[in-house]
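Structure at a glance
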Amino acid sequence: MAKRISVVISQTPSQNPAKRALEEEIVTHLLMQSGVEVTIIPNLYDLTADSTGMLALKSVPGDMIVLSWMFPRAAHWILDRNAVNGRVGETLLSVDDDDDDDELEALDDEEEKVRVIDQRPAPSRSIYCLDLRSHNTAEPYLQEVRRIVDEANTEVVSLMGWIKGSPQPEQLDRYLNGAVPGANGNGNGNATNGNATNGSAAAANGSAGEAPAEPAVLHRIEDAAPRRWYPVIDFSRCTNCMECVDFCLFGVYGVDGQETILVEQPDNCRKGCPACSRVCPENAIIFPQHKTPAIAGSDDAVAGLKIDLSQLFGAPSTDDGGVDVAVRERDEQLLLAGREAVGSAVGLPKRQQDQDEEPKDELDSLLDELDDLDL
């Protein structure tokens, strides 16, 4: 039996009729597409870990396609923070920039650092995230879903031929970990959630060498999901430097049992404040709803991070850098919370230490001489 892939539609948090219409058009056409299981959930970013929508996503063991109104990088790491793990599935909707040599050199230097993701086991399945803001019509998304489904079923046909040959090691690993139908007694490699409605999964009973497709199935999750604002960590970039813990004074961040940074109290975050993202040296902190692409999770902005830091992070057209903006934003939130502003005196120990260790240049010496004149 052909592999059935879960396609998740994360609804827009707004009531924009054009966006809602696009979602429904995509769903309507997907229901005529065999080999998919469609799940409609409220806005992914607003779901809590124990919500019906998130529990439904956790029950999906195989590959997944997620369509949401945010950058793919943001959607991927929202899923990851809720234990819906997977490799980043490559999609043809992604835009590849022609980086110049300076940018490539900067990125190569960054890759030498140890990232948190390097310490984690590699997931056995892929998650493909598509940005619903990329196109105004349904067809580009439908074409990409068909391509991914066809590609997955090509692999299934290959696996069904094991009886006459030998599997590749990576295929065997995916099969034994349940990412391919039939593995570990999972039937079609998918599961339904008890709270989901309007459909159920059929059992897989295809013969070797054949992969007939299953009809589409629809689950529509109705879940009250109030708007939220909290940081999402991209562990493919995070080096666990803990600067966000030092800088945030609202108790949002913590560490797990392995002393790895995590967003421990997401709802302690001050709505609209992205200050910790501005001070993160790796641009590993994402606020998916922020208007600035570099903070909202744009890969394009990340690629050019070392070229013009203040411009990319939306700093005003002054001499202030990203850190100065972050300090100002944090002070505003402290005052709104009835606390005292602290400026740059708190939460930047690593940066201040680095500044103290730098030798003075000619400009510093000139300023010292002017101070000594006591004008």
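Here's what I pulled together on the structure shown here.

Basis of the calculations
- Residues numbered from 1 in each chain as written.
- Predicted model: local features only at pLDDT ≥ 70, side-chain atom pairs only at ≥ 80, totals over all residues.
- Heavy atoms only, no water.
- Helix = DSSP H or I, 4+ residues; strand = E, 2+ residues; numbered from the N terminus.
- Buried < 20%, exposed > 50% of the residue type's maximum accessible area, 1.4 Å probe, protein only.
- Contact = heavy atoms within 4.5 Å.
- Areas by Shrake-Rupley, 256 points an atom, 1.4 Å probe, with all protein chains shown as cover.
- Core = buried A, V, L, I, M, F, W, Y, C linked by side-chain atoms within 4.5 Å.
- Domains from an automatic or database assignment.
- Phe/Tyr/Trp six-rings, centres within 6.5 Å; stacked < 30°, edge-to-face > 60°.
- Lys NZ or Arg CZ within 6 Å of the ring centre and 35° of its normal.
- Polar contact = N/O pair within 3.5 Å; in protein donor to acceptor, adjacent residues only side chain to side chain.
- 1 Å grid on protein atoms, 1.4 Å probe; cavity = no way out; pocket = protein on both sides within 12 Å on 5 of 7 lines; lining within 4 Å.
- Points joined across faces, edges and corners; volume = space filled by probe spheres on them.
- Salt bridge = Lys/Arg side-chain N within 4 Å of Asp/Glu carboxyl O.
- Pairing = 2+ DSSP bridges.
- Axes fitted to C-alpha atoms, helices over the stretch in contact; angles between N-to-C directions.

**Here's the deal with the overall build of the chain**
Regarding its fold elements, the chain presents 14 helices and 10 strands. Relative to its 375 residues, the chain shows a buried fraction of 45%. Nonlocal contacts in the chain, meaning residues at least 24 apart in sequence, comprise 71% of its contacts between residues at least 6 apart. Looking at the chain as shown, the accessible area adds up to about 19,000 Å², and 49% of this sits on carbon and sulfur atoms.

**Topic: the side chain of Glu329**
For Glu329, the location among the structural elements is in helix H12 (residues 322–336). The exposure class of Glu329 is buried, given its relative accessible area of 15%. Residue contacts for Glu329: discarding those within four places in its chain leaves Cys273, Pro274, Ala275 and Arg278.

**Some thoughts on the nonpolar core**
By size, the foremost hydrophobic cluster in this structure holds 45 residues, and its most contacted members are Leu44, Tyr45, Leu57, Val66, Tyr253, Ile261 and Phe287. Each of domain 1 (5–96 + 109–155 + 216–220) and domain 2 (232–337) contributes no fewer than three residues to this core. Residues in contact with Val66, not counting those within four places in the same chain, are Val8, Leu44, Leu79, Ile127, Tyr128, Cys129 and Leu130. Among the nonpolar cores identified, the runner-up in size contains 24 residues, and Val7, Leu22, Ala138 and Leu142 belong to it.

**What to know about the packing of aromatic side chains**
Following the criterion strictly, the structure yields 3 aromatic pairs and no others. On the numbers, 4.4 Å between centres and 20° between planes, the contact of Tyr45 with Tyr230 is stacked. In this pair, Tyr45 is assigned in the loop between strand S2 (36–41) and helix H2 (52–58) and Tyr230 in the loop between strand S6 (217–220) and strand S7 (232–233), connecting sequence segments 185 residues apart. For Tyr45, a relative accessible area of 0% corresponds to the buried category. Aromatic pair Trp229 and Phe287: ring centres 5.1 Å apart, planes at 20°, arrangement stacked. Placement of Trp229 in the loop between S6 and S7 and of Phe287 in the loop between strand S10 (285–286) and helix H9 (293–296) is noted, with a sequence separation of 58 residues between them. With relative accessibility at 11%, the residue Trp229 sits in the buried group. On the basis of relative accessibility, which here comes to 0%, the residue Phe287 falls in the buried class. The ring of Trp69 is capped by Lys19, whose NZ or CZ atom sits 5.2 Å from the centre of that ring. Against the face of Phe71 rests Arg133, its NZ or CZ located 4.4 Å from the ring centre.

**Some words on the side chain of Ser126**
Looking at where Ser126 falls in the secondary structure, it is placed in strand S5 (residues 126–131). Here Ser126 falls in the buried class, since its relative accessible area comes to 8%. Among the polar contacts made by the side chain of Ser126, one reaches the side chain of Arg87 at a distance of 3.2 Å.

**Here we look at the layout of surface pockets**
Taken as a whole, the second largest pocket holds about 440 Å³ of empty space. Phe235, Asp256, Thr260, Ile261 and Leu262 are the residues nearest the centre of the second largest pocket, which is lined by 19 residues in total. Elements represented by at least two residues in the lining of the second largest pocket include exactly helix H3 (72–81), S7 and strand S9 (261–263). Counting contributing residues, the lining of the second largest pocket receives three or more from each of domain 1 (5–96 + 109–155 + 216–220) and domain 2 (232–337).

**A word on the pattern of salt bridges**
Counted under the stated rule, the structure contains 12 salt bridges. With its nearest N and O atoms 2.9 Å apart, the salt bridge here joins Arg133 to Asp131. Looking at Arg133, the relative accessible area reads 40%, which means it is partly exposed. Here Arg147 and Glu144 are joined by a salt bridge, their closest N and O atoms 2.7 Å apart. Of this pair, Arg147 and Glu144 are both found in helix H5 (residues 139–160), 3 residues apart, which corresponds to roughly one turn of the helix. Note on Arg147: relative accessible area 23%, which makes it partly exposed. Accessibility expressed as a relative area gives 4% for Glu144, which makes it buried.

**Description of the environment of Leu67**
Secondary-structure assignment places Leu67 in strand S3 (residues 64–68). When the C-alpha atoms of Leu67 and Tyr128 are compared, they prove to be 8.4 Å apart, with 61 residues separating the residues in sequence. Non-local contacts of Leu67, meaning those with residues more than four positions away in its chain, are made with Val7, Val8, Ile9, Ser10, Ile26, Leu130, Leu132 and Tyr141.

**Regarding the sheet that holds S6**
Strand pairing in a sheet relies on backbone hydrogen bonds. The paired strands run either parallel or antiparallel. Pairing is parallel in the open sheet, where 6 strands are placed in the order S4-S5-S3-S1-S2-S6. With one partner strand each, in any of the chains shown, strand S4 (87–88) and S6 form the two edges of the open sheet. For S3 and S5, the ladder comprises 5 bridges, and the chain directions are parallel. Note on S5: the bridge partner recorded for Leu67 is Leu130. Against the sheet, helix H1 (residues 17–30) engages strand S1 (5–10), S2, S3 and S6, with an angle of about 165° to S1. With respect to the sheet, H3 is in contact with S3, S4 and S5, its orientation differing from that of S5 by roughly 135°.

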